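Each chain, written out:
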Amino acid sequence: MNRGSARTRWLGRGALAIRVARACLERTRSILSEAGVEIDYDAPPHSQSAAASEFIAMESDWEAARLLTMQAAWMADNKQPNSLEASMAKAKAGRTGTEIALRCVALAGTVGYGEGDLLEKWARDVKILDIFEGTQQIQLLIVARQLLGKSSAELK
């Protein structure tokens, strides 16, 4: 059975991490709203509550990971070489997914840490997407080799 290339699987893992992070953001937005925290995208972050400012920063990180992953996927769909982009997307999306999930749990407070809410489960589950099919460190090593034009023997 052909399971696709490693780069395709990396993109799949990155896309899953992005979706989990999006679900965490949406759940956290709901929790913050119920707590009376207003998120105003037109106001500067320093003029908002710490929770609203952190939420906006997380959304910015999420968007960067999403766009990087979409670029690599577009290149694959259009038969363009995307090894560098796929490695960057996997490293960024896996790390971002994990960071956002953990930050959302912390922002949600006791609700986020409770076993009755999906945030706690998502925060545990998303970690595998960061380490499966090549840890972030391996992906960054692949990126460094390609950017520097080095072989695996030259750059370990």
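Sequence order sets the numbering: in each chain, residues are counted from 1 along the sequence as written. pLDDT decides what is reported in this predicted model: residues at 70 or higher carry local features, side-chain atom pairs at 80 or more are listed and counted, and totals for whole chains, interfaces and linings draw on all residues regardless. Computation of side-chain values covers all heavy atoms of the structure but excludes hydrogens and water.

Asker: Any chance you could explain the side chain of Asn-82 here in plain terms?
Answerer: Working definition: helices are DSSP H or I runs of at least four residues, strands are E runs of at least two. Numbering for both runs from the N terminus. By secondary structure assignment, the location of Asn-82 is in the loop between α2 (50-77) and α3 (83-108). Partly exposed describes any residue whose relative accessible area lies between the buried limit of under 20% and the exposed limit of over 50%, with all areas from a 1.4 Å probe on protein chains only and scaled to the type maximum. Under the relative-accessibility criterion, Asn-82 is labelled buried at 5%. For the purposes of these results, a polar contact is taken to be a pair of N or O atoms within 3.5 Å, where, inside protein, one atom must be able to donate a hydrogen and its partner to accept one; residues adjacent in sequence count only when each atom of the pair is a side-chain atom. A polar contact of 2.9 Å, which involves the side chain of Asn-82, links it to the backbone oxygen of Ala-72.

Asker: Could you clarify how one ought to interpret the pattern of salt bridges in this entry?
Answerer: Two side chains of opposite charge can pair, provided their charged atoms sit close to one another. What counts as a salt bridge is simple: a side-chain nitrogen of Lys or Arg found within 4 Å of a carboxyl oxygen of Asp or Glu. Enumeration according to the criterion identifies 10 salt bridges in this entry. Put simply, Glu-59 and Arg-29 hold a salt bridge, and the shortest N to O gap is 2.7 Å. In this pair, Glu-59 sits in helix α2 while Arg-29 sits in helix α1 (residues 6-34), placing the two residues 30 residues apart along the sequence. Since its relative accessible area comes to 31%, Arg-29 is described here as partly exposed. Put simply, Arg-66 and Glu-63 hold a salt bridge, and the shortest N to O gap is 2.6 Å. Residue Arg-66 and its partner Glu-63 are both found in helix α2; the two are separated by 3 residues, about one turn of the helix. On the accessibility criterion, Arg-66 (24% relative accessible area) is partly exposed. Residues joined by salt bridges that share partners form a network here, namely Arg-22, Glu-26, Arg-29 and Glu-59.

Asker: Looking at this structure, how should I read the packing of aromatic side chains?
Answerer: Aromatic ring pairs are reported here in terms of the distance separating the ring centres and the angle at which the planes meet. Aromatic rings from Phe, Tyr and Trp, with only the six-membered ring used for Trp, were paired whenever their centres fell within 6.5 Å, and each pair was classed as stacked if the ring planes differed by under 30 degrees, edge-to-face if by over 60, and tilted otherwise. The final tally for this structure, using the stated rule, is 0 aromatic pairs. If you follow Arg-22 out to its NZ or CZ, it ends over the ring of Trp-62, 4.5 Å from the centre. Note on criteria: charge over ring means Lys NZ or Arg CZ within 6 Å of the ring centre, with the direction from the centre no more than 35 degrees off the ring normal.

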